[in-house]
Amino acid sequence: MDRLFIKGQAMNEKGFEQLVSTASHRPLTATEEAELEAFLRRNPVLRAAWEEEEKLNALLRAMPKPPVSSNFTARVLQQATAARARAPLNRGWHWVRAFWLPRHAWQVACLLLIGLVLLGVRHGKTTNQTELAAILPMLPAAGLADVEIWRDFESIRCLPEGPLPSLNELAEALQ
Amino acid sequence: MGGEHDPDAKLMLRVKRGDLDAFATLVDRYKHPVMNLVYRALPDATEAEDLAQSVFVQVFKSAHRYKVSARFSTWLFTIARNLCLNEIRRRTRHPAESLNHVGGGESDGSSHQVADQRQGTPVDLLLEREIESKIQEALRDLPANQRLALLLCQQEELSYDEIARVLGCSLSATKSLIHRARETLKQRLKPYLRHGTWRR
């Protein structure tokens, strides 16, 4: 079809292209044929190419249709009925089979991976809790310092480095 | 184009509810176009009718998944196209597996030949048969996607948009496939396009 389009003839090119395309799909209507004829009269150089297109269309359209057996529909219905009879057994497993289709494989793999990660995290937590619960009874309860002792921990920790003021200086400062 | 006003889509919704009469109507309505597509799409045309029947059985089995998002014919030809491609691939992998060829059973291939009901002088008929065989040969040698695109283009009920949907590619890619197929055919059939005659 490239030969049908020549630069400089852009005015009806689109319409002509459309008509050629339509003619390859179905016979042109009387109006379309008139439009085409008018275009070809203005552009006679395209007539030979158009005729070649139209001959190919005619050849393809005139190909004899293959015969269809008289019992075609009956045979299809028989097979469809047989398929329907088998269907209830398979229908429940349809979604399982769908999972194994290659196009779903990566989705299934991702789901499995996420599931495994979640299971791993959950298992880790459970293990930690179990181990802690096992250790706690063994800790010497009497040996643990009283909570009161730790009340000023932060203040003590924040004392400036270097020599501490003497008690007298502190006393003076308090007065 | 949506399928809301498509009478075939309404029939298919009845099929979805298990209505066999509606299914029979659809099969009767589409058996010729589907058979034509399958017959021309397969490289050797044996078992074409079996495959055409499989298309409809597949339609029935997939009825529960049918949604009226497009015209019924688009859905039907998509199934036909997929089964054709599967069969072409299977035959490419296992070229000697045609049951009719191997088994020589009920059908010896002759039942798939086109009944010639044309009239004319023996010379005319001879020429027409020759052209037909050349076209079939040229079609057979096209890449499967180009062949299917061209054959779908011959189905007048399908628009270019619908052909694109059936083929699963863009409109421009579809037009390109058809264009390339036609260019190849024009090259192959040049002597017949210039001098050959084809009486209808």
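Just so you know, these numbers come straight off a predicted model, no measurement behind them.

J.: Just to check I follow, could you spell out the overall build of chain A for this structure?
T.: In terms of helices and strands, chain A carries eight helices and zero strands. The N-to-C order of helical and strand elements in chain A reads α-α-α-α-α-α-α-α. When burial is assessed residue by residue, chain A has 8% of its 175 residues classed as buried.

J.: How should I be thinking about the overall build of chain B in this particular structure?
T.: Across its full length, chain B carries 10 helices and zero strands. When the helices and strands of chain B are listed from N to C terminus, the series reads α-α-α-α-α-α-α-α-α-α. In chain B, which comprises 200 residues, the share counted as buried stands at 36%. In chain B, the share of contacts with a sequence separation of at least 24, taken over all contacts with a separation of at least 6, comes to 69%.

J.: Just checking my understanding: could you explain the environment of Ile135(B) for this structure?
T.: Among the secondary structure elements, Ile135(B) is positioned in helix H6 (residues 122-140). Separated by 57 residues in sequence, Ile135(B) and Tyr192(B) place their C-alpha atoms 9.8 Å apart. The contact partners of Ile135(B), leaving out residues within four places of it in the chain, are Leu59(A), Met63(A) and Leu189(B).

J.: How should I be thinking about the nonpolar core in this particular structure?
T.: Soluble globular proteins: nonpolar side chains tend toward being buried together. Membership of the largest hydrophobic core comes to 55 residues, with the highest contact counts inside it found for Val34(B), Val38(B), Phe60(B), Leu76(B), Ala80(B), Ala149(B) and Leu152(B). At 10 residues, the largest contribution of residues to this core is made by helix H2 (residues 20-41) of chain B.

J.: Quick question: what am I supposed to make of the interface of chain A and chain B here?
T.: A common way to report how large an interface is uses the accessible area buried once the components associate. On the side of chain B, 35 residues touch chain A, which itself brings 26 residues to the contact. Put simply, the parts of the chain that give the side of chain A that touches chain B at least two residues each are helix H3 (47-61) and helix H4 (72-91) of chain A. If you tally residues by element for the side of chain A that touches chain B, the top one is H4(A), at eight residues. Classifying every residue of the side of chain A that touches chain B by side-chain character gives 16 nonpolar, five polar and five charged.

J.: Looking at this model, I keep getting lost on the packing of helix H3 (residues 48-61) of chain B against helix H4 (residues 72-93) of chain B. Mind explaining?
T.: In a pair of packed helices, the angle between the axes and the distance between the axes together describe the arrangement. Residues and elements named next belong to chain B. Where H3 contacts H4, the axes come no closer than 9 Å and their chain directions differ by 130°. Here H3 is positioned oblique relative to H4, judged by the angle of their axes. The handedness of the crossing between H3 and H4 is right-handed. In this structure, H3 uses Leu51, Ser54, Val55, Gln58 and Val59 to contact H4, whose residues at the interface are Leu76, Ile79, Ala80, Leu83 and Glu87. Looking at the contact of H3 with H4, its residues break down into seven nonpolar, two polar and one charged.

J.: Could you clarify how one ought to interpret the packing of helix H8 (residues 160-167) of chain B against helix H9 (residues 171-188) of chain B in this entry?
T.: Residues and elements named next belong to chain B. Two elements in contact, H8 and H9, have axes separated by 9 Å at closest approach and are oriented at 90°. The orientation of H8 with respect to H9, classified from their angle, is roughly perpendicular. Within the contact between the two elements, H8 uses Tyr160, Asp161, Ile163, Ala164 and Leu167 and H9 uses Leu171, Thr174 and Lys175. Its residues placed into classes, the contact of H8 with H9 shows five nonpolar, one polar and two charged.

J.: I tried to follow the confidence of the model for chain A on my own but got confused; where do I start?
T.: As a general rule, the predicted coordinates of low-pLDDT regions are not to be interpreted in detail. Averaged over every residue, the pLDDT of chain A is 79; residues scoring 70 or more account for 78%. Ignoring residues within four places in sequence, the model shows residues 1-11 of chain A, a span with pLDDT below 50, making 10 contacts including any to other chains.

J.: Quick question: what am I supposed to make of the environment of Leu152(B) here?
T.: All names here are of chain B. Mapped onto the secondary structure, Leu152 falls in helix H7 (residues 144-153). Through-space distance from the C-alpha of Leu152 to that of Leu167 is 9.2 Å; in sequence the pair is 15 residues apart. Not counting residues up to four positions away in its chain, the partners in contact with Leu152 are Phe77, Leu158, Ile163 and Val166.

J.: I keep staring at H8(B) and nothing clicks. Help me out?
T.: An α-helix turns once every 3.6 residues. As a result, residues three or four positions apart point the same way. Residues and elements named next belong to chain B. Every buried residue of H8 is listed here: Glu162, Ile163, Ala164, Arg165 and Val166. Buried residues along H8 sit against H4, H7 and H9. Backbone geometry just downstream of H8 places Gly168 in the positive-phi region, at approximately 70°.

J.: How should I be thinking about helix H6 (residues 105-135) of chain A in this particular structure?
T.: Taking 1.5 Å per residue as the helical rise, H6(A) with its 31 residues ought to reach 45 Å, and the 45 Å between its terminal C-alpha atoms agrees with that figure. With zero of 31 residues buried, H6(A) lies mostly on the surface of the structure.

Rules and cut-offs
- Residues numbered from 1 in each chain as written.
- Chains lettered and ligands numbered in written order.
- Predicted model: local features only at pLDDT ≥ 70, side-chain atom pairs only at ≥ 80, totals over all residues.
- Helix = DSSP H or I, 4+ residues; strand = E, 2+ residues; numbered from the N terminus.
- Buried ≥ 20, exposed ≤ 12 C-beta atoms within 10 Å, placed from the backbone.
- Contact = placed C-beta atoms within 7 Å.
- Core = buried A, V, L, I, M, F, W, Y, C linked by C-beta atoms within 7 Å.
- Nonpolar A, V, L, I, M, F, W, Y, C, P; charged D, E, K, R; others polar.
- Axes fitted to C-alpha atoms, helices over the stretch in contact; angles between N-to-C directions.
- Parallel < 35°, antiparallel > 145°, perpendicular 65-115°, else oblique.
- Left-handed = near helix turned anticlockwise from the far one by under 90°.
- pLDDT = per-residue confidence, 0-100.
- Expected span 1.5 Å × (residues − 1).

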